[in-house]
Amino acid sequence: MSDRLIIFDTTLRDGEQSPGASMTRDEKLRIARQLERLKVDVIEAGFAASSNGDFEAVQAIANAIKDSTVCSLARANDRDISRSAEALKGARRARIHTFIATSNLHMEKKLRMSPDQVFEQARQSVRFARNLLDDIEFSPEDGYRSDMDFLCRVLEAVIHEGATTINVPDTVGYAIPELYGEFIRSLRERIPNSDKAIWSVHCHNDLGMAVANSLAGVKIGGARQVECTINGLGERAGNCSLEEVVMAVKTRRDYFGLDCGVDARHILAASRMVSQTTGFVVQPNKAVVGANAFAHASGIHQDGVLKARDTYEIMRAEDVGWSANKLVLGKLSGRNAFKQRLLDLGVEMESEADINAAFARFKELADRKSDIFDEDILALVSEENTLQGDDAYGFVSLAQHSETGERPQAKVVFTVHGKEVHGQSDGNGPVDASLKAIESHVKSGAEMVLYSVNAISGSTESQGEVTVRLQNSGRVVNGVGSDPDIVVASAKAYLSALNKLQSKADRVAAQG
Ligand code: KIV
Ligand code: ZN
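Residues numbered from 1 in each chain as written. Chains lettered and ligands numbered in written order. Predicted model: local features only at pLDDT ≥ 70, side-chain atom pairs only at ≥ 80, totals over all residues. Heavy atoms only, no water.

On to helix H11 (residues 267-278), then. For H11, spanning 12 residues, the distance from its first C-alpha to its last is 16 Å, which sits close to the expected 16 Å at 1.5 Å a residue. H11 sits mainly inside the fold: 12 of its 12 residues count as buried. Following H11 by one or two positions, Gly279 adopts a phi angle in the positive range, close to 80°. (Helix = DSSP H or I, 4+ residues; strand = E, 2+ residues; numbered from the N terminus. Expected span 1.5 Å × (residues − 1). Buried < 20%, exposed > 50% of the residue type's maximum accessible area, 1.4 Å probe, protein only.)

This model, assessed by the stated rule, comprises 0 disulfides. Cys228 provides the cysteine sulfur closest to Cys240, a residue in no disulfide bond, and the two sulfurs are 5.3 Å apart. We note that Cys260 lacks a disulfide partner, and the nearest cysteine sulfur, in Cys228, lies 8.7 Å from it. (Disulfide = S-S within 2.5 Å.)

On to the packing of helix H7 (residues 177-190) against helix H8 (residues 210-219). Here H7 crosses H8 at 35°, and the two axes come no closer than 8 Å. Seen from above, H7 lies across H8 with right-handed handedness. Residues Pro177, Tyr180, Gly181 and Ile184 of H7 lie in contact with H8, whose contacting residues are Ala212, Asn213, Ala216 and Gly217. (Axes fitted to C-alpha atoms, helices over the stretch in contact; angles between N-to-C directions. Left-handed = near helix turned anticlockwise from the far one by under 90°. Contact = heavy atoms within 4.5 Å.)

Okay, the site of ligand 1 next. Taken together, Arg13, Asp14, His97, Phe99, Ser139, Glu141, Pro169, Thr171, His202 and His204 make up the full set of residues adjacent to ligand 1. Within the side chain of His202, an N or O atom sits 3.1 Å from an oxygen atom of ligand 1. His204 places a polar side-chain atom, nitrogen or oxygen, 3.0 Å from an oxygen atom of ligand 1. Contributions of two or more residues to the shell around ligand 1 are made by strand E4 (94-101) and strand E5 (136-141). (Near = heavy atom within 4 Å. Polar contact = N/O pair within 3.5 Å; in protein donor to acceptor, adjacent residues only side chain to side chain.)

Taken in spatial order, the 3 strands of this open sheet run E15-E16-E17, and their pairing is antiparallel. Only two strands of the sheet have a single partner each, and these edge strands are strand E15 (447-455) and strand E17 (475-483). The mean angle between the axes of side-by-side strands here comes to 15°, regardless of whether they run parallel or antiparallel. Sheet topology note: the strand E16 (residues 464-472)/E17 ladder contains 9 bridges and is antiparallel. In the sheet register, Gly464 faces E17, and the bridge partner there is Asp483. Contacts from H11 reach E16 and E17, with the element oriented near 120° to E17. On the sheet, helix H17 (residues 486-502) packs against E15, E16 and E17 and is oriented at approximately 150° with respect to E17. (Pairing = 2+ DSSP bridges.)

This is the structure in structure tokens:
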């Protein structure tokens, strides 16, 4: 059995299924490039048959990515599979990932198909796909809750038809590590041709065990591919987190004995990019990428780390992209220092013009905030990246007045298709007044379903990063804004969400 663990990233497909996380083609392409820098083995770029937007995103990624395999999801039917193959034409290495549900519950209630019909459809689809491409992955959806005998029958047949990877999803996050590991092991032992395919794990996090289940699938079950997402992004409680699985395997190589090709130094930049693009904030105590992941607050721990860092640190912050010295740049820093810092953080900008634009925003920020931390730079770059040329709304300025005992007032100046407009309102607080000032002009009628503020680098001197989730006519979008003034950050986040609602770009999520 191989001692290499394949990392299959599905941030752009399964991760995108989170409410409001759907991304435009350009956003997906940017993240795909970061995943390539990270050296993930397989990038699941989307679900080509689900919408024209997703087809174009898969196509653009297939044409741009050279080092990772690019994959498209497809239901087990000829149309979906052909559409995937078409979108993947330009890829240097391409994979079709086809799936059909195999649990009694899903077959009966969702598909309304008999087990024999599902068996036949799975077999035919893999045969069809294998005529188009050599690299075919098959997933029995809700596999973990499927009848073992039936599952063995289906998987043996699809391997016989040429499936090269067999992925066993715990679609609803029901598994327990030991049981899931044993489940994979039994499948591999019972299926006569199991050695002809690579076995893969795909775990959802509903009981908080996606990473533990995936690792058990590897250790106990002998799986050699893990499907995961940056920050564990995904619907409901999310998917298995890439950064946690990768760092577990690297840090405990003594236990797993596996090689993993991911270049972990790019993890933090990938985490920031995904969080900023989707509006899904990373909790401060999140392993590896949370703001507190390497912060030693207690005196005993600080003392220990200063004497010998391995007293309390099992990983080095800089190995996953955190800088050892977090205070990096200030007002007097030049363009070269800024550019070098971006490189150190694993951020590659597409052109000199992009660097100049980011540097100009850095200077603006440095005028207002004395110490610029890595997190500020990453937020600034991500915000720069999410600004679209065709955005309807742009922030210009904001003035607000609030005093104890008085109702806060706000005036917001913003652009609508390049033309400046002024909105004015009162509100329950300064944020409420500012967003109402914008809404008084825009009249979007959107419902706000989430508002959250996060201090980017921990103290009151830090920038606030605000996420606003809006819902309108069945669409859900997230907008993100950052600024040292959280009222301004809120206005920027609101305008960013309005831009996404307005955007003509196809944001239909790829539904599995
Ligand atoms: O969770 C799941 O079952 C999936 C499949 C489509 C692989 O995402
Ligand atoms: Zn899934």
